[in-house]
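Residues per chain are reported as follows:
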Amino acid sequence: MRFRAKIVDLACLNHFSRVVNTIARLAKTCTLRLTISKLYFILSDKVANGGVSMWCELCQGNFFDEFQMEGVATEHNEIYLELVPENLSRALKTAQSAKAVKMKLTNKHCPCLRVAVELPSLSSSSRIVTHDIPVGVIPRRLWNDFREPSVPDFDVSIYLPVLKTMKSVVERMKNLSNSIVIEANLNGEMNLKIETDLVSVTTHFKDLGNPPWASEDGCPSSAPDRDLESMAEARIDIKKLQQLLAGQQVNPTKALCNIVSKRIVHFILLHEDVSLQYFIPALA
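Keep in mind the model is a prediction, meaning the values are calculated, not measured.

1. Some details on the overall build of the protein
Alright, step 1. Of regular secondary structure, the protein possesses 4 helices and 18 strands.
Alright, step 2. Over its C-alpha atoms the protein spans a radius of gyration of 21 Å, differing by no more than 12% from the 19 Å that the globule rule assigns to 284 residues.
Alright, step 3. Each principal axis of the C-alpha atoms in the protein carries an extent, and together these give about 65 × 45 × 35 Å.
Alright, step 4. Expressed as a percentage of contacts within the protein between residues at least 6 apart in sequence, the contacts between residues at least 24 apart total 64%.
Alright, step 5. Here the protein contributes 33 positively and 31 negatively charged side chains, and the mean placements of these two sets differ by 10 Å.

2. Here's the deal with helix α1 (residues 10-26)
Alright, step 1. For α1, spanning 17 residues, the distance from its first C-alpha to its last is 25 Å, which sits close to the expected 24 Å at 1.5 Å a residue.
Alright, step 2. What α1 keeps buried is the set L13, H15, F16, S17, V19, V20, N21, T22, I23, A24 and L26.
Alright, step 3. The distance from a side-chain oxygen at the start of α1 to the backbone nitrogen of A11 is 3.2 Å, and the residue carrying that oxygen is D9.

3. As for unusual backbone geometry
Alright, step 1. The phi torsion at D207 lies on the positive side, around 55°, for a residue other than glycine.
Alright, step 2. Along the chain, D207 falls in the loop between β14 (200-205) and β15 (232-237).
Alright, step 3. D207 sits in the exposed class, given a relative accessible area of 71%.
Alright, step 4. With a phi close to 60°, K262 is a non-glycine residue in the positive phi region.
Alright, step 5. What makes K262 exposed here is its relative accessible area of 61%.

4. Here's the deal with helix α4 (residues 238-246)
Along an α-helix, residues three or four apart share an orientation, since each turn contains 3.6 residues.
Alright, step 1. Those residues of α4 lying buried are I238, L241, Q242, L244 and L245. In an axial view of α4, the angular spread of the buried residues amounts to 160°, which keeps them on one side of the axis.
Alright, step 2. Where α4 begins, one side-chain oxygen reaches toward the backbone nitrogen of K239, 2.8 Å away; that side chain belongs to D237.

5. Observations regarding the pattern of salt bridges
Two side chains carrying opposite charge are able to pair once their charged atoms lie near each other.
Alright, step 1. The tally for this structure, following the rule as stated, stands at 9 salt bridges.
Alright, step 2. A salt bridge links R90 to E86; its shortest N-O distance comes to 3.4 Å. Pair noted here: R90 and E86 are both in helix α2 (residues 85-93), with a separation of 4 residues, about one helical turn.
Alright, step 3. A residue is classified by how much of its surface remains accessible, and E86, at 31% relative accessible area, is partly exposed.
Alright, step 4. Two residues, K262 and E233, come together in a salt bridge whose shortest N-O distance is 3.9 Å. Here the residue K262 occupies a position in the loop between β16 (254-260) and β17 (264-271), and E233 occupies one in strand β15, the gap between them amounting to 29 residues.
Alright, step 5. Classification of E233 by relative accessible area gives partly exposed; the value is 27%.

6. Some words on the packing of aromatic side chains
Alright, step 1. As enumerated under the stated definition, the model contains 7 aromatic pairs in all.
Alright, step 2. An aromatic cluster is present here, built from F3, F16, F63, F64 and F67 joined pairwise through their rings.
Alright, step 3. Sitting over the face of the ring of Y40, R33 holds its NZ or CZ atom 4.4 Å from the ring centroid.

7. Quick word on the sheet that holds strand β7 (residues 100-107)
Note: strands within a sheet are paired through backbone hydrogen bonds, in either parallel or antiparallel orientation.
Alright, step 1. Pairing is antiparallel across the open sheet formed by 5 strands, whose spatial order is β5-β1-β7-β8-β9. The open sheet has two edge strands, β5 (66-70) and β9 (127-134), and neither has a second partner. Going across the sheet, the axis of each strand differs from the next one's by a mean of 15°, ignoring polarity.
Alright, step 2. Sheet analysis places strand β8 (residues 111-119) next to β9, joined by 8 bridges and oriented antiparallel. Residue pairing for β9: L113 is matched across the bridge by I133.

8. Quick look at the packing of helix α3 (residues 163-174) against α4
A packed helix pair is summarised by two numbers, namely the angle formed by the two axes and the spacing between the axes.
Alright, step 1. Running from amino to carboxyl end, α3 crosses α4 at an angle of 145°, the nearest separation of the two axes being 9 Å. Note on packing geometry: the crossing formed by α3 with α4 is left-handed. Facing α3, whose interface residues are L163, M166, K167, V170, E171, M173 and K174, α4 presents I238, L241, Q242, L245 and A246.

9. Regarding the domain arrangement of the protein
Alright, step 1. Looking at the protein, the domain boundaries give domain 1 (2-145) and domain 2 (156-216 + 228-281).
Alright, step 2. Between the C-alpha centres of domain 1 and domain 2 there is a distance of 29 Å.
Alright, step 3. Contacts between domain 1 and domain 2 engage 21 residues on the former and 19 residues on the latter.
Alright, step 4. For the pair domain 1 and domain 2, the two sides together bury roughly 1700 Å², of which 57% comes from carbon and sulfur.
Alright, step 5. The largest contributions to the domain 1 side of the interface with domain 2 come from R25, L26 and V52, which together make up 31% of the buried area.
Alright, step 6. Where domain 1 meets domain 2, there are 0 salt bridges.

What counts and what doesn't
Residues numbered from 1 in each chain as written. Predicted model: local features only at pLDDT ≥ 70, side-chain atom pairs only at ≥ 80, totals over all residues. Heavy atoms only, no water. Helix = DSSP H or I, 4+ residues; strand = E, 2+ residues; numbered from the N terminus. Rg over C-alpha atoms; globule rule 2.2 N^0.38 Å. Contact = heavy atoms within 4.5 Å. Lys, Arg positive; Asp, Glu negative; His and termini not counted. Charge placed at Lys NZ, Arg CZ, Asp CG, Glu CD. Expected span 1.5 Å × (residues − 1). Buried < 20%, exposed > 50% of the residue type's maximum accessible area, 1.4 Å probe, protein only. Polar contact = N/O pair within 3.5 Å; in protein donor to acceptor, adjacent residues only side chain to side chain. Arc of directions from axis to C-beta. Salt bridge = Lys/Arg side-chain N within 4 Å of Asp/Glu carboxyl O. Phe/Tyr/Trp six-rings, centres within 6.5 Å; stacked < 30°, edge-to-face > 60°. Lys NZ or Arg CZ within 6 Å of the ring centre and 35° of its normal. Pairing = 2+ DSSP bridges. Axes fitted to C-alpha atoms, helices over the stretch in contact; angles between N-to-C directions. Left-handed = near helix turned anticlockwise from the far one by under 90°. Domains from an automatic or database assignment. Buried area = accessible area lost by both parts, 1.4 Å probe.

Shown next as structure tokens:
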């Protein structure tokens, strides 16, 4: 099992650093899955236990100048590592003006992801700062626990408003309640609501548009006979939503959410070369 990679382009490095930063804000520990063409950051808290799940996918060719890996076996050419993303994020913070960053899997006293940052120096020799990030190697028999979460049949899919706007609304509401209701319809309308014994606050968004997940006859495949005006809603933990909005450092070109009434809210944030899915289960 071997892995080594190198980033030379500063824009790619900063972009990768922003992605890792976002992941670090969403997950204390996560799984890094490496394949020949892609990297994945995966968090699979069992949704049944009220945990969130996350699936972030990157094409390695858009970030790395060199990328070599050999998986655990020829027919299973993948590597699954458990790591604390905050450690990787901290290592990359030292690389903001680096000439190059090299990563490789090492095993001195324990398995580590070694991040070597080559910094520009005034003399001819370069300075290299090395970070060894401990990782756990996940055995082949457990890989099935980290498959891409299936998207449940949703009742409504809708584009999100500008995330900054949504974030400031949610931050104000967070002081009033621990939960928030997200509701939306197929007419491009979405409401964020909190209701407590003392206060009821709703923010309305209009003309957001609904993604074209449509079948040939123009009806959304998930709910062909659904009334356009009727709202699908789910009550979720407001802190988990705020964490997602506050963590965003990769400005997505598209952001949308799918609501399965009273069960789950599934967020999808798309950037040219990164896609992030985030599942927040509904509260009972």
